[in-house]
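Architecture and fold: a report
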Amino acid sequence: MLTERIKELSSEHFAAIADIRHKIHRHPELGDEEYATAKLIAEVLASLGIETRTGVAGTGVVGLIPGRGPGRTVLLRADMDALPIQEEVDVAFKSTVPGRMHACGHDGHVAGLLGAAMVLNELRDTFDGNVKLVFQPAEETDGGAARMIQEGVLEDPKVDAAFGCHLWGQLAEGKVQLCPGPMMASPTAFWFKIFAKGGHGAYPHLTADPILLAAQAITFFQSIPSRRINPLEPVVVTVSAIHGGEATNVIPEVVEGKGTIRTFNEALRDVIPMEMENILKGITGAQGATYSFESRKSYPPVINDPRMTGVARDAFAKVVGADNVDASGAPSMGAEDFGYFGKWVPSAFVFVGIGRDGVPMAHHQPHFQWEDKNLLVLTRGLAQIAVDFLAG
Ligand SMILES: [Zn+2]
Ligand SMILES: [Zn+2]
């Protein structure tokens, strides 16, 4: 019954929802610079008569839709930021800002959540409790979710559960995927330098060659996932940059590198950097060289609460059909600052497919593109989750 109403209302609002996506897509803004995006969100919420707070954690926006009576509060979250990428897709709503692009789908997250706001606003007298709409800055950069939580987004009214969706290129259109427990990994960034005696390229025996030492260290880092950590624990150690030397005949004095560690296990976030440092220590020590090593933990892993996973699974099953919902979907080693919400309240995160013709669509690249019709899945799924959670 209610699902039919959600479907009808979202179809009625579809043109407006797609228009919002196009507007945001044309004017992508990087993390913590989402001024025009936030202004647009606030205007849409105001036009719906939804009580709105702006300027939360900088550019964040929070809307509140109270139902007919007292009850629990469900938080629905969208991220707003774009990426420093030059768009190379020819669409009518192509980015007008050089070097900026919505290449992760956050334009759709905002539009989809505003669509859910339009729908839920008309269904106010069908549910008790509140729907809190959270539009957060800086998912791609420094974790705007954490700052919004610090600024009280989980209070007043107190939030009982949080849900978020990500448009997902590795999943086909019309399909939805999630899983209970670990869903997305935690990233830890690292930086290292190797300092060693340099010299003439023709006389390597008079040097300690930091390039050779770096090559050994990088190779040896891969023995951490394969030999130091239980193979049943998913772990990634990626060295993503390496710099040293300039000339063909000069062995440099310094080589520096950096990269990312991914794991679902909080304890391993301390163990892996320690293992890396041990490798650097051993390899450089053997050659009379020295090193520096630094690591910094970023977002926590996204851990889906089993009950909330059930709420999201059942809600999406109503929207796209149970056959199209995979509730034991493979976790991803990607990261998401939605994990911060899950540290405080039971939560679930959902992947909504946008891949076309069986071809996965890679995120964070200049050809990233998806069809407007997927906005309907987002809007309907979020609205259905809210009414189902508040009813349950
Ligand atoms: Zn992204
Ligand atoms: Zn993203």
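**Things to note about the domain arrangement of the protein chain**
- Taken as a whole, the protein chain is organised into domain 1 (2–182 + 302–391) and domain 2 (186–297).
- Between the C-alpha centres of domain 1 and domain 2 the distance comes to 38 Å.
- Taking both partners together, domain 1 and domain 2 bury about 560 Å²; carbon and sulfur atoms supply 75% of that area.
- Considering only the surface of domain 1 that becomes buried against domain 2, Pro-182, Met-333 and Ala-335 emerge as the three largest contributors, covering 74% of it.

**Quick word on the coordination of the zinc ion (ligand 1)**
- The zinc ion (ligand 1) binds to the protein through Cys-104 (SG), Glu-140 (OE) and His-364 (NE2); the donor distances cover 2.0 to 2.2 Å.
- Separating the zinc ion (ligand 1) from the zinc ion (ligand 2) is a gap of 3.1 Å, bridged by Cys-104, which donates to each. Residue Glu-140 is found in the loop between β4 (130–136) and α5 (144–150), and its partner His-364 is found in the loop between β16 (347–355) and α11 (374–391); the two are separated by 224 residues along the sequence.
- Under the relative-accessibility criterion, Glu-140 is labelled partly exposed at 22%.
- On the basis of relative accessibility, which here comes to 41%, the residue His-364 falls in the partly exposed class.

**Considering the pairing of strand β8 (residues 186–195)**
- The pairing of β8 with strand β12 (residues 254–263) spans ten bridges and is antiparallel. Bridge pairing in β12 links Ile-194 to Val-255.
- Note: β8 against strand β13 (residues 290–297), eight bridges, orientation antiparallel. Bridged to Thr-188 within β13 is Lys-297.

**Some details on the coordination of the zinc ion (ligand 2)**
- For the zinc ion (ligand 2), the protein coordination sphere consists of Cys-104 (SG), His-106 (NE2) and His-166 (NE2), at 2.1 to 2.5 Å.
- Linear spacing of the donor residues for the zinc ion (ligand 2) on their chain is C-x1-H-x59-H.

**With respect to the nonpolar core**
- Core analysis: the largest hydrophobic core is formed by 96 residues, its most contacted members being Leu-76, Leu-120, Val-131, Leu-133, Phe-135, Phe-163 and Phe-341.
- Here the element with the most residues in this core is α11; it accounts for ten residues.
- Other than its neighbours up to four places away in sequence, Phe-163 contacts Val-74, Leu-75, Leu-76, Arg-77, Met-308, Val-311, Ala-312, Phe-338, Ala-348, Ile-385 and Phe-389.
- Membership of the second largest hydrophobic core comes to 23 residues, among which are Phe-192, Phe-221, Val-235 and Met-276.

**Things to note about the environment of Ala-162**
- Within the fold, Ala-162 resides in strand β5 (residues 161–172).
- Its relative accessible area of 0% is what places Ala-162 among the buried residues.
- Taking C-alpha positions, Ala-162 is 23 Å from Gly-321, a pair spaced 159 residues apart along the chain.
- Beyond its immediate sequence surroundings of up to four residues, Ala-162 is in contact with Leu-75, Phe-338, Phe-341, Val-345, Pro-346, Ser-347 and Ala-348.

Cut-off values and rules
Residues numbered from 1 in each chain as written. Chains lettered and ligands numbered in written order. Predicted model: local features only at pLDDT ≥ 70, side-chain atom pairs only at ≥ 80, totals over all residues. Heavy atoms only, no water. Domains from an automatic or database assignment. Buried area = accessible area lost by both parts, 1.4 Å probe. Donors = N, O, S within 2.8 Å, 3.2 Å for Na, K, Ca; no water. Helix = DSSP H or I, 4+ residues; strand = E, 2+ residues; numbered from the N terminus. Buried < 20%, exposed > 50% of the residue type's maximum accessible area, 1.4 Å probe, protein only. Pairing = 2+ DSSP bridges. Core = buried A, V, L, I, M, F, W, Y, C linked by side-chain atoms within 4.5 Å. Contact = heavy atoms within 4.5 Å.

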